[in-house]
Amino acid sequence: VDYICVTIDFDKVYPHISTLVDVREFTTNIALPPTMAFEVETAEDFANIHKNSPTTVILSIDSNLNVVDTNNSVICTIPEAFLELAGGVIPAFRIDTTAEATAIANYLGANALYDVFIVASNGKLINQVRSIYTNVRGIYDLSKASITDLSVAREQANTYGSRVVILPAALATDTNTTLLRNLATTVWFKAEENNNAEFYKFITAGAQGVLVEDRAGFEACVENKTLFKGKSLIRPAAIIGHMGYRKIAPENTVLSAQKAVEYGAAIVEMDLQITTDGVVMAMHDETIDARTNGTGVLENMTYAQVSKYKVDYFSGFSEKIPTLEDYFKAFKGTNTILYMEIKSSKSTIVPAIKALIDKYDILDQCCIISFQHAQINRVRQQIPGISTGLLAEMPTVEEALKVYTHYNSTCNPNYKALTETHLKECAFRGLTIWPYTIDTSATFDSYFAMGLGGRTTNRRDFARNCIERLYTASTSYSVNVGSSVSVPVYTKTYAEKVATTTAAEMVVVDGNTGITFNGSSVSASKAGTSTVVFRFAYKLTDGNTVHIYSQPVTIVAK
């Protein structure tokens, strides 16, 4: 055959964009590394998009469905953009006007496109798109905002239908990312300096995504196997106490929740039902028969009737059946996050929960989960600022994107069908997975090593002595050449036990290499500024070793 010509109707070129994007993965030892995003500003940027291709590309558009540069000059049409991305980079369309919001929503809906983002600094525009077409994920861009309260950022993101927030580089700390992660919010940071020190700051802060200009530089940092050795964990696991800590105290009691926190749970979960007179109670079963000294269907009883009985099934304890208000009184103002599972199918429970949240001003400590789609819908409508999680069996990634994006909820599946592929593919797309209920040590360790962000368990003791955080007292030290300076390194367990360690290793990631570390002090052989990261290895109960990291530390040798 000397010559073949294949022709195709142009309209038929598009079906491939209605499937899951096959993104390029980093070759890295980091469990669930941060996704890499890049914003196109010029036609040249777009033409070179497959060189060190990002996971997500942000494309500014106009109301005529064109991709535009920073001067609003047309680069290409949106259909042409999909063809150029070739199903290998996830598109994120930046919008600035209501006309753009309407145009892109209609286009995405007409073509049944679901593996896409909408980006806006005006969150109302994301809501506008989602009011027309819900199978699109929102990214609320706060990278240029002045943020004084991260819980408000979380509330706004939820209100505007966004699972992802982009924060300024100045907020990139492990404390901030952990707080927002525990509140079921996906955190991306925008790079300002685009250098190694900043990239390592984002990575070790546990960022779930980074918006960069220097794609090759960021990729090199993520793939640095000299630093990220073996199984590398860059963010702590969120341990969720299922009904408290039912191994040592009666389930769904305040005492059980307090025990869970004592044993290392950052989050406690309780099951909620409602009495006939509108009091929200913590009880798993429809009846009180199995767990109390009484009988009857809780939701057919008044509070006065329910309060006569005690949770007495657990030897040595006799606890009152708590109200949701009891939990709020016990945990208001603490670092503990409350995950409220709505068991009731009654529509009255959502406004009753809202009234209590408002009364105690405790939205910044609360999330709501449920198996019931109708209840998640009610929560989205009546408490729009709260994070929600839909409990279900683990679907395919495609199904997860459609279902959980529709509700703007996290994915909270039974862990048994959950795979590392699910974790990676969802992480690329800003969707976090919170499985239930992991109660064997081997399974716990397996998911722990995968970098799974949050897990619900009846056994908080599995992680109690694991190292949650590695840090130094300061982020910068000075040392004279030929001398040394004390640099103590601290570990903190999930049960909040802090200790100094001499087992940490120091890795120079940028700058002057003429420094050494002996486990407690840094010595300098030549002048210069170094950026270093400390690494600590420990074994899980299954014998596998994992590594955790400090945030970058600056060493100035004079």
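## A closer look at the sheet that holds strand 25 (residues 489-493)
Read from one edge of the open sheet, 3 strands run 22-25-26, paired in antiparallel fashion. Two strands lie at the open edges of the sheet, namely strand 22 (467-472) and strand 26 (498-501), each paired on one side alone. Averaged over all neighbouring strand pairs, the angle between strand axes comes to 30°, with direction disregarded. Strand direction decides the pairing type here: strand 22 and strand 25, joined by 5 bridges, are antiparallel. Looking at the pairing, Arg469 lines up with Lys492 of strand 25.

## Observations concerning a negative patch on the surface
Among the surface-exposed residues, Glu41, Glu192, Glu193, Glu213 and Asp214 lie close enough to one another that they form a single negatively charged patch. Position of Glu41 relative to the elements: it lies in the loop between strand 1 (35-39) and helix 1 (43-47). The class of Glu41 is partly exposed, set by a relative accessible area of 41%.

## Looking at the packing of aromatic side chains
This structure, assessed with the given rule, holds 22 aromatic pairs. Between Phe117 and Trp188 the ring centres are 5.8 Å apart and the planes differ by 70°, which places this aromatic pair in the edge-to-face class. Of this pair, Phe117 sits in strand 6 (residues 117-120) while Trp188 sits in strand 9 (residues 186-190), and the two are 71 residues apart along the sequence. Here a set of aromatic residues connected by ring pairs shows up, and it is made of Phe444, Phe448, Phe462 and Tyr494. In this arrangement the basic side chain of Arg137 is found over the ring face of Phe117, its NZ or CZ atom lying 4.2 Å from the centre. Geometry around Tyr114 places Lys402 over its ring, the cationic atom sitting 4.7 Å from the centre.

## Brief notes about the pattern of salt bridges
Summed over all chains, the structure comprises 19 salt bridges. The partner of Glu325 in a salt bridge is Lys359, with the nearest N and O atoms 2.7 Å apart. Separated by 34 residues along the polypeptide, Glu325 in helix 11 (residues 324-331) and Lys359 in helix 12 (residues 349-360) bring together distant segments of the chain. The class of Lys359 is exposed, set by a relative accessible area of 56%. Overlapping salt bridges, with partners in common, bring together Asp115, Arg137, Glu425 and Arg429 in one network.

## Structural notes on the sheet that holds strand 28 (residues 515-517)
Within the open sheet, the 3 strands sit side by side as 24-29-28. Their pairing is antiparallel. Because the sheet does not close on itself, it has two edges, and the strands there are strand 24 (484-486) and strand 28. On average, each strand axis in the sheet is tilted by 20° relative to the strand beside it, whichever way the strands run. In this sheet, strand 29 (residues 521-524) lies alongside strand 28 in antiparallel orientation, the contact comprising 3 bridges. Counted as the bridge partner of Thr516 is Ser523 from strand 29.

## Topic: the nonpolar core
Grouped burial of nonpolar side chains is what soluble globular proteins tend to show. Counting residues in each nonpolar core, the largest one holds 85 residues, and the members touching the most others are Phe93, Ile104 and Leu108. In this structure Phe93 touches Leu59, Ile61, Ile78, Phe82, Ile104, Leu108, Val116, Phe117, Ile118 and Val119, once residues within four positions along its chain are discounted. Core analysis: the second largest hydrophobic core is formed by 36 residues, Phe26, Leu171, Ala172 and Phe202 among them.

## Quick word on the packing of helix 7 (residues 196-204) against helix 8 (residues 215-222)
Relative orientation of the contacting elements helix 7 and helix 8 amounts to 55°, with a least axis distance of 10 Å. Taken together, the axes of helix 7 and helix 8 lie oblique to each other. Taken as a pair, helix 7 and helix 8 cross one another with a handedness that is right-handed. Where helix 7 abuts helix 8, its residues Asn196, Phe199, Tyr200 and Ile203 lie against Gly217, Phe218, Cys221 and Val222. Tallied by class, the residues present in the contact of helix 7 with helix 8 amount to 6 nonpolar, 2 polar and no charged.

## As for the side chain of Thr405
With respect to the helices, strands and loops of the structure, Thr405 is situated in helix 14 (residues 397-407). Here Thr405 falls in the buried class, since its relative accessible area comes to 7%.

The rules behind the values
Residues numbered from 1 in each chain as written. Predicted model: local features only at pLDDT ≥ 70, side-chain atom pairs only at ≥ 80, totals over all residues. Heavy atoms only, no water. Pairing = 2+ DSSP bridges. Helix = DSSP H or I, 4+ residues; strand = E, 2+ residues; numbered from the N terminus. Axes fitted to C-alpha atoms, helices over the stretch in contact; angles between N-to-C directions. Patch = residues over 30% accessible without salt bridge, like charges linked within 9 Å, V, L, I, M, F, W, Y side chains within 5 Å. Areas by Shrake-Rupley, 256 points an atom, 1.4 Å probe, with all protein chains shown as cover. Salt bridge = Lys/Arg side-chain N within 4 Å of Asp/Glu carboxyl O. Lys, Arg positive; Asp, Glu negative; His and termini not counted. Charge placed at Lys NZ, Arg CZ, Asp CG, Glu CD. Buried < 20%, exposed > 50% of the residue type's maximum accessible area, 1.4 Å probe, protein only. Phe/Tyr/Trp six-rings, centres within 6.5 Å; stacked < 30°, edge-to-face > 60°. Lys NZ or Arg CZ within 6 Å of the ring centre and 35° of its normal. Core = buried A, V, L, I, M, F, W, Y, C linked by side-chain atoms within 4.5 Å. Contact = heavy atoms within 4.5 Å. Parallel < 35°, antiparallel > 145°, perpendicular 65-115°, else oblique. Left-handed = near helix turned anticlockwise from the far one by under 90°. Nonpolar A, V, L, I, M, F, W, Y, C, P; charged D, E, K, R; others polar.

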